Amino acid sequence: MTTLYFDIETIPAPENKIPLLQRLHEEKLEKEKTLGIEKTPQDFETFYRQTALNGAFGQLFCISLIKERDGVVVMQTTLQESEPAMLNAFWDTVRDVHIFVG
């Protein structure tokens, strides 16, 4: 049986998305003010940093993995390249995995 232990690290949106994010931040604050709620961070820096966990804006930074087959480590690595290359390498690596541990 093959087991994969993995951890995925993400970072905030790329810098070229900052103008869009600033506009979205302002719009969210205005909408929440109208509704009388406070859910969005008031400062843009915190809002921006939270994009690391946002599927629409966050970026993959690296994927670390340990692959075991019948209790023996057969691979231990950290993937750190372009996002498409990382994802392709990840899926190639996990083709024979039965158990995923994140």
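Placed above this text is the structure.
Just so it is clear, the structure is predicted and the values come from calculations on it, not from any experiment. (Residues numbered from 1 in each chain as written. Predicted model: local features only at pLDDT ≥ 70, side-chain atom pairs only at ≥ 80, totals over all residues. Heavy atoms only, no water.)

### Focus on the packing of aromatic side chains
- On inspection of all chains with the given rule, the structure shows five aromatic pairs.
- Here the aromatic rings of Phe44 and Phe47 are separated by 6.2 Å at their centres, their planes lie at 40°, and the arrangement is tilted. One end of the pair is Phe44 and the other is Phe47, both in helix 2 (residues 44-49) and three residues apart, which spans about a single turn.
- On the accessibility criterion, Phe47 (11% relative accessible area) is buried. (Phe/Tyr/Trp six-rings, centres within 6.5 Å; stacked < 30°, edge-to-face > 60°. Helix = DSSP H or I, 4+ residues; strand = E, 2+ residues; numbered from the N terminus. Buried < 20%, exposed > 50% of the residue type's maximum accessible area, 1.4 Å probe, protein only.)

### Topic: a nonpolar patch on the surface
- Together, Met1, Tyr5, Ile99 and Val101 line one region of the surface with nonpolar side chains, adding up to about 350 Å² of accessible area.
- For Val101, a relative accessible area of 33% corresponds to the partly exposed category. (Patch = residues over 30% accessible without salt bridge, like charges linked within 9 Å, V, L, I, M, F, W, Y side chains within 5 Å. Areas by Shrake-Rupley, 256 points an atom, 1.4 Å probe, with all protein chains shown as cover. Salt bridge = Lys/Arg side-chain N within 4 Å of Asp/Glu carboxyl O.)

### Notes on the sheet that holds strand 1 (residues 2-11)
- Within the open sheet, the four strands sit side by side as 3-2-1-4. Their pairing is mixed. Single-partner strands in this sheet number two, and they are strand 3 (72-79) and strand 4 (99-101). This sheet shows a mean twist of 20° between the axes of neighbouring strands, independent of strand direction.
- Pairing of strand 1 with strand 2 (residues 59-69) involves 10 bridges; the strand directions are antiparallel. Opposite Leu4, over in strand 2, you have Lys67 as the bridge partner. (Pairing = 2+ DSSP bridges. Axes fitted to C-alpha atoms, helices over the stretch in contact; angles between N-to-C directions.)

### Quick notes on the environment of Met86
- Considering the arrangement of structural elements, one finds Met86 in helix 3 (residues 83-93).
- Those residues within four positions of Met86 in sequence are excluded, and the remaining contacts are Leu60, Phe61, Cys62, Ile63, Leu79, Gln80 and Glu81. (Contact = heavy atoms within 4.5 Å.)

### Some details on the nonpolar core
- Membership of the largest hydrophobic core is limited to nine residues, which are Leu4, Leu60, Ile63, Leu65, Leu79, Met86, Phe90, Val94 and Val97.
- Secondary structure elements with two or more residues in this core: strand 2 and helix 3.
- For this core, the element with the most residues is strand 2, which contributes three residues.
- Non-local contacts of Leu65, meaning those with residues more than four positions away in its chain, are made with Leu4, Tyr5, Phe6, Met75, Gln76, Thr77, Leu79, Phe90 and Thr93. (Core = buried A, V, L, I, M, F, W, Y, C linked by side-chain atoms within 4.5 Å.)

### As for helix 3
- Buried within helix 3 are the following residues: Met86, Phe90 and Thr93. End-on, the buried residues of helix 3 take up no more than an arc of 65°, which puts them together on one face. Exposed positions of helix 3 whose direction lies more than 90 degrees from the buried face are Pro84, Asn88 and Trp91.
- Lining the buried residues of helix 3 we find strand 1, strand 2 and strand 3. (Arc of directions from axis to C-beta.)

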